[in-house]
Amino acid sequence: MPREPRTAPGTERKVFVKTYGCQMNVYDSQRMSDALAADGYVATETVEDADLVVLNTCHIREKAAEKVYSELGRLNALKKARAREGKQTVIGVAGCVAQAEGREIVARASAVDLVIGPQTYHRLPDAVRKALAGEKVVETDYAVEDKFERLPDPRAADVRRRGVSAFLTVQEGCDKFCTFCVVPYTRGAEVSRPVAQILAEAEKLAAAGVREITLLGQNVNAWRAAGPDGRDWGLGDLLWRLADVPGIARLRYTTSHPRDMDDDLIAAHRDLAALMPYLHLPVQAGADRILKAMNRRHTAADYLKLVERIRAARPDIALSGDFIVGFPGETDEDFEATLKIVREAGYAQAFSFKYSPRPGTPGAALDGQVEEHVKAERLDRLQALLAEQQKTFLTGLVGERIDLLLDRHGREKGQLVGRSPWLQPVIVDESLGEIGDIVPVRIVRHTGASLFGEAARDRT
Ligand code: 5AD
Ligand code: SF4
């Protein structure tokens, strides 16, 4: 339930939230801001003005985690400068680095006043109050209570400010234990939010003008819960129900594991018009030996067969993926198999990374760690191939008539930007409609990852 601000007028405090990493963190930052708003905190874009700074961190690769410590160094200086002006600054670390490193963060970065893991964000306002009173707060246990039940609803004005496309977390955690990945340790076991809770949130978003919802989960297609009809629902059922929420025109979901793509979900891609033809389905690597060492629990052939079934259901689907090069033991031949699966599956876009050994994961202890320069060369080759495929996909859209959801103003005056059904930004003239409209557009050209469109007056 929304709460009234506890702060008297004129004593408003400012919060600066910086988000690293994935879309789940973007969503979590919004929920943290909502929780703090109920305590009278207003968001600021200027860190120097902030009474409270929250870094919502990512632990997925070493580089991501290290960025946090360099930012904390800068914040330490800022905190001291503000203290000289008589201003108190609370510095908090949230997210997966907080969960993984806990108290160590306070030891390593003395500027930090509070550390809070993703399972306890509903306790953030309380933690801030304790920190203001001089306590060093570390909250990294797995809360037994449901944080979603306790987090306040976002206010309609905040939803409107965030735009017509919104994230909604339906599932958290992961039971897959890929041997390279920290997620099962930082986000815990797979948990699905109940249908009623998800629907209530979707309805609130829609009432505030949201037209497109992206369902989030570390393993979103593993979502399962009791349906209102008494059946056990999977993600396909949930998508059908959400498509009935008045105002919601478009649905997406991310990230999926190949093992959890069930028939109902694939059928939804064929039959449910609101479900957009885009699927982020990471394969990670192409050699079966490496997939096995990664504990992916599928082969390259399983993956390709799955992609074929999905394409049979929805021929125009844009496939997206994640790839890791240089997993321990990866030979040149194994890497060639990754290039091969990319050629065979065909991606509209993808993310690719050098393997980064993460403390506590089985992969970090394996023999055969690959040299940095080998990883770098492989990544270059893979990215060149993926860039080529992306360009082919974009070129194929030129001349097409599409429905575009206008979602923001463009960088240049007079421009609006929308998202194509396949998720690319499309730039059009502002005369085409208002933000939130879905308008027919013909794609006329592309540069880089952006497409340009004009009003589609002619028939298809
Ligand atoms: N090293 C490199 N990339 C990683 N990912 C996860 N863990 C690691 C790691 N240790 C990548 C995977 C995953 C994406 C979110 O990040 O490709 O799908
Ligand atoms: Fe990590 Fe694998 Fe779980 Fe994805 S499926 S979050 S890569 S352990």
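Sequence positions are assigned chain by chain, starting from 1 and proceeding in written order. By the order in which they are written, chains take letters starting at A while ligands take numbers starting at 1. The predicted nature of this model means local features are confined to residues of pLDDT at least 70 and side-chain atom pairs, given and counted, to a pLDDT of 80 or more, with totals for whole chains, interfaces and linings taken over all residues. Hydrogens and waters are ignored; side-chain quantities use all the structure's heavy atoms.

## What to know about the overall build of the protein
Okay, so step 1: Each helix is a run of H or I in the DSSP string that is no shorter than four residues. Each strand is a run of E no shorter than two, and both are numbered from the N terminus. In terms of helices and strands, the protein carries 15 helices and 21 strands.
Okay, so step 2: Computed over its C-alpha atoms, the radius of gyration of the protein comes to 23 Å, within 12% of the 23 Å expected for a compact globule of 460 residues.
Okay, so step 3: Dimensions of the protein along its principal axes, counting C-alpha atoms only, are 60 × 60 × 50 Å.
Okay, so step 4: For the exposure calls, accessible area comes from a 1.4 Å probe over protein chains only, and a residue counts as buried if that area is under 20% of its type's maximum, exposed if over 50%, partly exposed in between. Within the span of the protein, comprising 460 residues, buried residues form 54% of the whole.
Okay, so step 5: Here the accessible surface of atoms and residues is derived via Shrake-Rupley with a 1.4 Å probe, and residues count as covered only by protein chains that are part of the display. Approximately 20700 Å² of the protein is accessible, and the part contributed by carbon and sulfur atoms is 51%.
Okay, so step 6: On the protein, the mean spot of the 64 positive side-chain charges and the mean spot of the 67 negative ones are 2 Å from each other. The globule rule used here is 2.2 Å times the number of residues to the 0.38 power, and the radius of gyration it is set against is calculated over C-alpha atoms. Here the positive residues are Lys and Arg and the negative ones are Asp and Glu; neither His nor the chain ends is included. To locate a charge, the coordinates of NZ of Lys, CZ of Arg, CG of Asp or CD of Glu are taken.

## Side note on the site of ligand 1
Okay, so step 1: Residue proximity to a molecule or strand is established when one non-hydrogen atom of the residue lies within 4 Å of it. Around ligand 1, the structure places I60, R61, F180, Q284, D322, I324, F353, K354, Y355, S356 and R358.
Okay, so step 2: By the criterion applied in these results, polar contacts are pairs of N or O atoms within 3.5 Å in which, for protein atoms, one can donate a hydrogen and the other can accept it, and in which residues neighboring in sequence qualify only through two side-chain atoms. At 2.9 Å, a side-chain N or O of R61 approaches an oxygen atom of ligand 1.
Okay, so step 3: Residue S356 places a main-chain N or O atom 2.7 Å away from a nitrogen atom belonging to ligand 1.
Okay, so step 4: Burial of ligand 1 by the surrounding chains reaches 87%, relative to a free accessible area of 410 Å².
Okay, so step 5: Contributing elements (two or more residues each) for the shell around ligand 1: β15 (318-325) and β16 (349-354).
Okay, so step 6: Tallied by class, residues from the shell around ligand 1 come to five nonpolar, two polar and four charged. Any residue that is not Ala, Val, Leu, Ile, Met, Phe, Trp, Tyr, Cys, Pro, Asp, Glu, Lys or Arg is counted as polar, Gly included; the first ten are nonpolar and the last four charged.

## A short note on the layout of surface pockets
Okay, so step 1: Put plainly, a pocket is an open set of points on a 1 Å grid over the protein atoms alone with protein on both sides within 12 Å along at least five of seven lines, a cavity is a set where a 1.4 Å probe fits but cannot get out, and a lining residue has an atom within 4 Å of a point. Grid points are joined across faces, edges and corners, and a volume is the space filled by probe spheres set on the points. Reported here for the second largest pocket is a volume of approximately 430 Å³.
Okay, so step 2: Lining the second largest pocket are 19 residues, and of these S33, A43, E45, R161 and R162 sit closest to its centre.
Okay, so step 3: Contributing elements (two or more residues each) for the lining of the second largest pocket: β1 (13-19), α1 (23-37), β2 (41-43) and α7 (156-162).
Okay, so step 4: Take the lining of the second largest pocket: its biggest share by element is six residues, from α1.

## Notes on the sheet that holds strand β17 (residues 401-409)
Okay, so step 1: Whether two strands pair comes down to DSSP finding at least two bridges between them. The mixed closed barrel is built from five strands, whose spatial order is β17-β18-β19-β21-β20. Each adjacent strand pair in this sheet contributes to an overall mean axis angle of 55°, direction not counted.
Okay, so step 2: For strand β18 (residues 415-419) and strand β19 (residues 425-429), the ladder comprises five bridges, and the chain directions are antiparallel. Paired with L416 across the strands is V428, a residue of β19.
Okay, so step 3: Throughout, a residue-residue contact means that at least one pair of heavy atoms, one from each residue, lies within 4.5 Å. Axes here mean lines fitted to C-alpha atoms, for a helix over just the part in contact, with angles spanning 0 to 180 degrees between N-to-C directions. Across the sheet, helix α15 (residues 372-397) touches β20 (438-447) and β21 (450-455), and the angle it forms with β20 is around 125°.

## Brief notes about the domain arrangement of the protein
Okay, so step 1: An automatic or database domain assignment provides the domain bounds reported here. If you check the domain split of the protein, you get domain 1 (13-139), domain 2 (153-276) and domain 3 (401-455).
Okay, so step 2: The distance between the C-alpha centroids of domain 2 and domain 3 comes to 25 Å.
Okay, so step 3: Contacts between domain 2 and domain 3 engage seven residues on the former and 12 residues on the latter.
Okay, so step 4: Buried area is a sum: the accessible area each of two parts loses on coming together, probed at 1.4 Å, counted once for each and added. Interface of domain 2 and domain 3: buried area, both sides summed, is about 740 Å²; carbon and sulfur atoms make up 61% of it.
Okay, so step 5: Three residues, V164, R250 and R252, lead the burial of domain 2 against domain 3; their summed loss comes to 63% of the area buried on that side.
Okay, so step 6: By convention in these notes, a salt bridge is any Lys or Arg side-chain nitrogen within 4 Å of a carboxyl oxygen on Asp or Glu. Here domain 2 and domain 3 share zero salt bridges between them.
Okay, so step 7: Seen at the junction of domain 2 and domain 3, the total is five residue pairs in polar contact (both at pLDDT 80 or more).

## Brief notes about the site of ligand 2
Okay, so step 1: Taken together, C174, K176, F177, C178, F180, C181, V183, P184, N219, H257 and R296 make up all the residues around ligand 2.
Okay, so step 2: Of the residues belonging to the shell around ligand 2, the class tally is seven nonpolar, two polar and two charged.

## A look at the pattern of salt bridges
Okay, so step 1: Across all of its chains, the model carries 37 salt bridges by this definition.
Okay, so step 2: Between D158 and R155 there is a salt bridge, and its shortest N-O distance comes to 3.1 Å.
Okay, so step 3: Among the residues examined, R155 registers a relative accessible area of 42% and is labelled partly exposed.
Okay, so step 4: Salt-bridge contacts for K176 lead to D260; the nearest nitrogen and oxygen are separated by 2.8 Å. On the criterion of sequence distance, the pair formed by K176 in the loop between β8 (171-172) and α8 (183-186) and D260 in the loop between β13 (250-254) and α11 (263-271) is long-range, its members being 84 residues apart. No difference in accessibility class separates K176 from D260, as the two residues are buried.

## Quick notes on the nonpolar core
Okay, so step 1: The biggest cluster of nonpolar side chains holds 69 residues, and the ones touching the most others in it are L215 and Y253.
Okay, so step 2: As used here, the term nonpolar core means buried Ala, Val, Leu, Ile, Met, Phe, Trp, Tyr and Cys residues forming a set that is joined through side-chain atoms within 4.5 Å. F16, V53, L55 and A98 belong to the second-largest nonpolar core, a separate cluster that totals 24 residues.

## What about the packing of α11 against helix α13 (residues 300-313)?
Okay, so step 1: In the contact formed by α11 and α13, the axes pass within 7 Å of each other and the chain directions differ by 35°. Contact with α11, carried on its side by D263, I266, H269 and R270, involves L306, R309, I310 and A313 of α13 and no other residues of that element.
Okay, so step 2: Considering only residue class, the contact of α11 with α13 consists of four nonpolar, one polar and three charged.

## Concerning the packing of aromatic side chains
Okay, so step 1: A pair of aromatic rings is counted whenever rings of Phe, Tyr or Trp (Trp by its six-membered ring) have centres within 6.5 Å, and the orientation is called stacked for planes under 30 degrees apart, edge-to-face for over 60 and tilted otherwise. This structure, assessed with the given rule, holds four aromatic pairs.
Okay, so step 2: Summarising the aromatic geometry, the rings of F323 and Y347 are spaced 5.2 Å apart at their centres and angled 85° between planes, so their arrangement reads as edge-to-face. Here Y347 lies in the loop between α14 (332-345) and β16 and F323 lies in strand β15, a separation of 24 residues in the sequence. Of the two residues, F323 and Y347, neither departs from the other in class, the shared state being buried.
Okay, so step 3: Centroid distance F327 to Y355: 5.2 Å. Interplanar angle 70°. Geometry classified as edge-to-face.

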